[in-house]
Amino acid sequence: MDVEEFRVRGKEMVDYICTYMNTLRTRRVVPSVEPGYLRTALPAEAPHHPEPWDDVMNDVEQKIMPGVTHWQHPRFHAYFPAGNGYPSILGDMLSAGIGCIGFSWAASTACTELEIIMLDWMGKAIGLPPAFLALEEGSKGGGVIQGSASECVLVSMLAARANGIKRLKHQFPNVDEGLLLSKLIAYCSKEAHSCVEKAAMICFVKLRILQPDDNGSLRGETLKEAMEEDEEAGRVPFFVATTLGTTSCCSFDNLPEIGPVVRKFPCVWLHVDAAYAGSSFLCPEHKYHLAGVEYADSFNTNPNKLMLASFDCSLLWVTNRYLLTSALVVDPLYLQHCYDHTAIDYRHWGISLSRRFRSLKLWFMLRSYGVSGLQKYVRKHCELAKYFERLVKKDDRFQVCNQVKLGLVCFRLVGGPDETPEQIDEMNKKLLTNINASGKLHMVPASVRERFVIRFCVVAQHATREDIEVAWDIISDFATELLEGPDKERDLNEERTRRNRAALAHKRSFFVRMVSDPKIYNPAINKTPPPVATSPGSPPAAAPSTPDTPSDSGSIQQPTTPKQSSWISWPLGFFFQSVDHDSNDLPLRFRHLDTMVRLKSPGASRRGSTPCASPEHRASSPSNNH
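Keep in mind that this is a model prediction, so the values were computed, not measured.

### Focus on unusual backbone geometry
Of note, the bond from F311 into D312 is cis; its omega dihedral lies within 30 degrees of zero at 5 degrees. Within the element layout of this structure, D312 appears in the loop between α11 (303–306) and β7 (314–318). Its identity is not glycine, yet Y79 carries a phi of approximately 55 degrees, on the positive side. Structurally, Y79 is set in the loop between α3 (53–64) and α4 (86–98). We note that C250 has phi near 55 degrees; this positive angle belongs to a residue other than glycine.

### Describing the side chain of D92
Along the chain, the position of D92 falls in helix α4. A distance of 2.7 Å separates a polar atom in the side chain of D92 from a polar atom in the side chain of S310. The contact partners of D92, leaving out residues within four places of it in the chain, are S310, F311, R356 and K361.

### So, the nonpolar core
L223, V240, L244, F281, F299 and W317 are the most contacted members of the largest nonpolar core, which totals 74 residues. Broken down by element, this core gets its largest block of residues, eight residues, from helix α13 (residues 359–394). Beyond its immediate stretch of four places on either side in the chain, W317 contacts L119, M122, G123, I126, L128, F132, G142, G143, D297, S298, F299 and T301. Formed by 41 residues, the second largest nonpolar core is a distinct cluster that contains C152, L207, L324 and Y346.

### A word on the packing of helix α9 (residues 220–232) against helix α10 (residues 255–263)
Their axes nearest at 8 Å, the elements α9 and α10 cross at an angle of 25 degrees. Put simply, α9 runs roughly parallel to α10. Crossing angle aside, the handedness with which α9 passes α10 is right-handed. Across from G220, L223, K224 and M227 in α9, the residues of α10 making contact are E257, I258, V261 and V262. Among the residues making up the contact of α9 with α10, the classes are represented as five nonpolar, one polar and two charged.

### Focus on the pairing of strand β11 (residues 451–457)
Of all seven residues in β11, seven are buried; the element is thus mostly enclosed. Here strand β9 (residues 408–413) runs beside β11; their pairing, made up of four bridges, is antiparallel. By the bridge assignment for β11, L408 is matched with C457. Relative to β11, strand β10 (residues 444–448) runs antiparallel, the two sharing five bridges. Residue pairing for β11: S447 is matched across the bridge by F452. The turn linking β10 back onto β11 is made up of two residues, and R449 within it adopts a positive phi angle of 50 degrees.

### Regarding the packing of helix α6 (residues 149–171) against helix α8 (residues 194–203)
The interhelical angle for the contact between α6 and α8, taken along N-to-C directions, is 45 degrees, at an axis separation of 9 Å. It follows that α6 is oblique to α8 by the angle criterion. Along this stretch, α6 crosses α8, giving a crossing that reads as right-handed. Touching S150, V153, L154, M157, L158 and R161 of α6 are C195, V196, A199, A200, I202 and C203, all from α8. Counted by class, the contact of α6 with α8 contains ten nonpolar, one polar and one charged residues.

### What about the environment of R235?
Relative to the helices and strands, R235 is located in the loop between α9 and β4 (236–243). C-alpha of R235 to C-alpha of K183: the two residues are 52 residues apart in sequence and 4.7 Å apart in space. Within the structure, the side chain of R235 is placed 2.3 Å from the side chain of D230, a separation counted as a polar contact.

### A look at α10
Residues of α10 that are buried include every one of L255, I258, G259, V261 and V262, and no others. Down the axis of α10, the smallest arc covering the buried residues is 165 degrees, so these residues share one side. Elements that come into contact with the buried residues of α10 comprise α9, β4 and β5 (269–273). At the N-terminal end of α10, a side-chain oxygen is found 3.2 Å from the backbone nitrogen of E257, two or three residues along, and the residue is N254.

### Let's talk about the UniProt feature "modified residue: N6-(pyridoxal phosphate)lysine" (unreviewed entry) in the protein
Here, UniProt's "modified residue: N6-(pyridoxal phosphate)lysine" (unreviewed entry) annotation points to K305. With respect to the element layout, K305 can be found in helix α11. Residue K305 is classed as buried on the basis of its relative accessible area, which comes to 18%. Excluding residues within four positions of it along the chain, K305 makes contact with F80, P81, A275 and Y276.

### What about helix α5 (residues 109–126)?
Note: α-helices contain 3.6 residues per turn, so residues at a spacing of three or four share the same orientation. Between its first and last C-alpha atoms α5 spans 26 Å; for 18 residues at 1.5 Å apiece the expected length is 26 Å, and the two agree. Every buried residue belonging to α5 is among C111, T112, L114, E115, I116, M118, L119, D120, M122, G123, A125 and I126, and all of these are buried. Buried positions along α5 lie against β1 (142–146), β6 (298–301), β7 and α13. Positive phi appears at G127, one or two residues downstream of α5, with a value of about 95 degrees.

Cut-offs applied
Residues numbered from 1 in each chain as written. Predicted model: local features only at pLDDT ≥ 70, side-chain atom pairs only at ≥ 80, totals over all residues. Heavy atoms only, no water. Helix = DSSP H or I, 4+ residues; strand = E, 2+ residues; numbered from the N terminus. Polar contact = N/O pair within 3.5 Å; in protein donor to acceptor, adjacent residues only side chain to side chain. Contact = heavy atoms within 4.5 Å. Core = buried A, V, L, I, M, F, W, Y, C linked by side-chain atoms within 4.5 Å. Buried < 20%, exposed > 50% of the residue type's maximum accessible area, 1.4 Å probe, protein only. Axes fitted to C-alpha atoms, helices over the stretch in contact; angles between N-to-C directions. Parallel < 35°, antiparallel > 145°, perpendicular 65-115°, else oblique. Left-handed = near helix turned anticlockwise from the far one by under 90°. Nonpolar A, V, L, I, M, F, W, Y, C, P; charged D, E, K, R; others polar. Pairing = 2+ DSSP bridges. Arc of directions from axis to C-beta. UniProt positions renumbered as here; feature names shortened; annotations may be inferred. Expected span 1.5 Å × (residues − 1).

See below:
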């Protein structure tokens, strides 16, 4: 393809995208295919000779589109929004056209400097303290664009781990680094995203998963008790992950309580994950969720969720960029340049070396919409979610199961007085499976207070009240069919009929059932938390006593089994369990490592005896920032 053909084909591609967006309503939301469908549609090997571009585009429509889940569809209400604003698409197009790999200031000066400025623009717009901004006078902080919130959490944990090991090595110079690593422990809420646990697996550290309160919020007292218990057991707290806008129910951890707790422990890194909710802080009425962020060492949000930027565009800020880069720096001669001591090189800020010109699309979005335009978009999504909440509450067959603060509503069928919680869960699973299998609507489930709920998220860029009403009518009709449908005998006959259908008609769609019930594709999922690893004789962590928080969420019957206040996820234990398949072996290995050695300096007090040595001394406490 030469430049003249590209000029023609490029215009055709823009036309194809516009037509796709304008005709989404005519397509099925999710594919009605089985795993491996594309393998039979495409050749086993790449073509040896060039093929006409028209043939390629024909195959896009005939072979690719039947297997696409249409995230921009007005009936797609799963997960969170996936932005694709037109200015952002153009930014990605220009980035691909320029084709630079901006790993350093010298590799592409504009790529680096625009990213610095855009992160400061966004930090100011959402209300981050000056300590997070690179161009603020006296600041050691700054921001960077990562590929996903998972990367943001991982690199923050890597920086915290390096800082923790460095501090311990200063205290115990004769102790092997591997043993020091085995003592580190991180913390998060049960409502935290699974990427926190994956980061702990990659970092090879223990992670204590804590129970939130009834509103899904991690409280300070819960964290304090866990950290004190771990210190007594010889472990070393080093990282706390909090969430503003959790995936399951959009709950918010209590930063004003958690921040002071973290500050009482030496050099513990506090991370705030606001992947979904962060963009809402553009609006003054949502900024109250940021209370306590002045205690944080790092903060991330995804403009590709609620700010119309196309994936990938995850923003990470830190208050001390030197702690981050010192944990990730690798500096071969061929990457060095004469300004590397004065300019920011983003190759030291993340896992990958190669970096696209992602700040272009952020720049295009901010200039095309302005902060006021983006605020209007956020408010529209929040208003539509509240409208859906009102529709649910008008139907006494349903209940709302979360506090609706942004664009996510969790709901479920209430069930009858004679039905057990497990039977009600199964009824809601069947409702969701039936809706998804129809192709008329797409939603996914979550577990809220140990009960199965259905998540309804306002996703489409141009969603309207009519779209919300259509979605609710579909949900209501399927609920009526489920609750007032044929008796069990007829159900059985229909099931036998379905089994005799052709494979595709019988299965409807493996994909839609898979997202409705994760156990279908991962039978190893265990809803019961693993046992808490404690030292011999140490009491289990107590459930926190916290003040009641006003809530307009529906009441869900609690499970009869007692709650565990926390449990530990440990990657080495997982590997042992995977190899040995011995349920009794894992706790023994936990206890063995946790009691192997106690790290205490001679003559040192229990907590905070040794200050952080330079350069790992943390940023100023909040009281010193004002």
